[in-house]
Amino acid sequence: MKESMKDLILNASARMTDSCHMMDFIVSRGQRRLPGRGVIIGILKDLRRVMFPGFFGDENITVISPSYFIGDRLTHVYAALKEQVAISLYYRDYDKFSREEIDERAEEICAEFFRRLPDIQLMLMKDVQAGYDGDPAAKSREEVVFSYPGLFAIFVYRIAHEFYVQNVPFLPRIMTEYAHSRTGIDINSGAKIGEYFFIDHGTGVVIGETTEIGDYVKLYQGVTLGALSTRSGQKLKGKKRHPTIENHVTVYSGASILGGETVIGEGVIVAGGAFVTKSVPPYTKVIVKNPELQIKDSDVKVELQGAENKEGIWEI
């Protein structure tokens with residue numbers, strides 16, 4: 001006998017519910033709930049508006065007082081942020097601390113974050129300058145703020161990093177994955193990144209959790225600062241797995257620098273397509289020898305300019 005649509009849905013629902021109960025990370029217990037991704041993205045948007053007043057909202061800073069606008073937005077951000085931090089902490093620590101203790105900790109975290117906000121803004125201004133100085137195609141610093149995906153990813157990273165260092169669950173990853181989805185740039189919030197940082201073009205850049213980057217570093221698209229192997233999974237948690245990049249280093253497109261013991265010395269230039277797993281001394285260049293380009297003859301004869309060798313391979 002053919003099952004009705006109602007029976008199909010009831011059976012599927014019952015089996016899926018059983019699966020959810022077997023996996024306790026899916027069904028929350030007690031009053032726990034996950035933070036709101038949309039709320040966190042909204043917080044990022046508000047913070048972007050106060051970091052760069054007049055750039056990303058309808059406000060006209062020539063008409064309204066910047067101090068009033070920033071103060072008003074930060075008041076809104078504080079309330080929303082404190083709630084999301086408390087939700088995240090309670091989800092993880094509900095069996096260790098009381099609700100009152102978690103709320104108090106959430107308030108401490110937000111207070112420390114707000115104390116750090118002016119310093120984060122100054123760091124971002126230096127990143128804007130690095131973007132302008134490092135790209136001859138940039139017409140102005142305003143263009144860098146408005147349009148450069150690298151700066152957006154760096155902005156989100158610098159916000160997320162503050163919550164990472166305070167051991168807040170969920171929020172840092174939600175923030176950086178939002179930037180990842182928007183730009184194709186994946187910066188783990190645990191990375192340590194210095195001043196005047198610039199990512200040009202950006203798509204495909206990956207910066208791992210334990211990466212350390214100094215000042216005046218420039219990366220191009222497709223660069224990976226990664227781990228040599230993650231087969232051990234959680235056993236590697238907390239260990240240095242990603243490289244250290246010292247000051248004034250430039251890494252060109254498609255290069256991969258891997259390993260927690262790999263140190264790229266000050267002033268090094270890494271060529272595009274390089275695969276680096278060992279440390280490089282300061283003020284040197286890592287150059288990839290270009291492979292010989294060959295075009296093999298096919299069944300269809302095509303006239304090519306070049307010299308044909310005895311094996312029928314055209315060399316250019």
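This structure is a prediction, so every number in the text was calculated from the model and none was measured.

Asker: Before we move on, can you summarise the packing of helix 4 (residues 99-134) against helix 6 (residues 149-165) with the specific residues and values?
Answerer: Where helix 4 meets helix 6, the axes come as close as 9 Å, and the angle between the chain directions of the two elements is 155°. Relative to helix 6, the element helix 4 is oriented roughly antiparallel. Seen along the crossing, helix 4 lies across helix 6 with a hand that is right-handed. For the pair helix 4 and helix 6, contact is made by Ile-109, Phe-113, Arg-116, Leu-117, Ile-120, Met-123, Leu-124, Asp-127 and Val-128 and by Leu-151, Ile-154, Phe-155, Arg-158, Ile-159, Glu-162 and Phe-163, respectively. For the contact of helix 4 with helix 6, the per-class residue count stands at 12 nonpolar, no polar and 4 charged.

Asker: Pulling in residues and values, what's your account of empty space enclosed by the protein?
Answerer: By the definition in use, this model includes 1 cavity of 30 Å³ or more. Considering only enclosed or pocket space, the largest cavity measures out at about 30 Å³ in volume. In terms of lining residues, the largest cavity is bounded by Arg-48, Phe-52, Phe-56, Val-145, Leu-151, Phe-152 and Phe-155. It is helix 6 that contributes the most residues to the lining of the largest cavity, 3 residues altogether. Per-class residue counts for the lining of the largest cavity are 6 nonpolar, no polar and 1 charged.

Asker: How would you summarise the pattern of salt bridges if you had to cite specific residues and measurements?
Answerer: Enumeration over the complete set of coordinates arrives at 14 salt bridges. Of the charged contacts in the structure, one is a salt bridge between Asp-127 and Arg-158, with a shortest N-O distance of 2.7 Å. Separated by 31 residues along the polypeptide, Asp-127 in helix 4 and Arg-158 in helix 6 bring together distant segments of the chain. With relative accessibility at 2%, the residue Asp-127 sits in the buried group. For Arg-158, a relative accessible area of 5% corresponds to the buried category.

Rules used throughout
Residues numbered from 1 in each chain as written. Predicted model: local features only at pLDDT ≥ 70, side-chain atom pairs only at ≥ 80, totals over all residues. Heavy atoms only, no water. Axes fitted to C-alpha atoms, helices over the stretch in contact; angles between N-to-C directions. Helix = DSSP H or I, 4+ residues; strand = E, 2+ residues; numbered from the N terminus. Parallel < 35°, antiparallel > 145°, perpendicular 65-115°, else oblique. Left-handed = near helix turned anticlockwise from the far one by under 90°. Contact = heavy atoms within 4.5 Å. Nonpolar A, V, L, I, M, F, W, Y, C, P; charged D, E, K, R; others polar. 1 Å grid on protein atoms, 1.4 Å probe; cavity = no way out; pocket = protein on both sides within 12 Å on 5 of 7 lines; lining within 4 Å. Points joined across faces, edges and corners; volume = space filled by probe spheres on them. Salt bridge = Lys/Arg side-chain N within 4 Å of Asp/Glu carboxyl O. Buried < 20%, exposed > 50% of the residue type's maximum accessible area, 1.4 Å probe, protein only.

Just distances and angles here, no functional claims.
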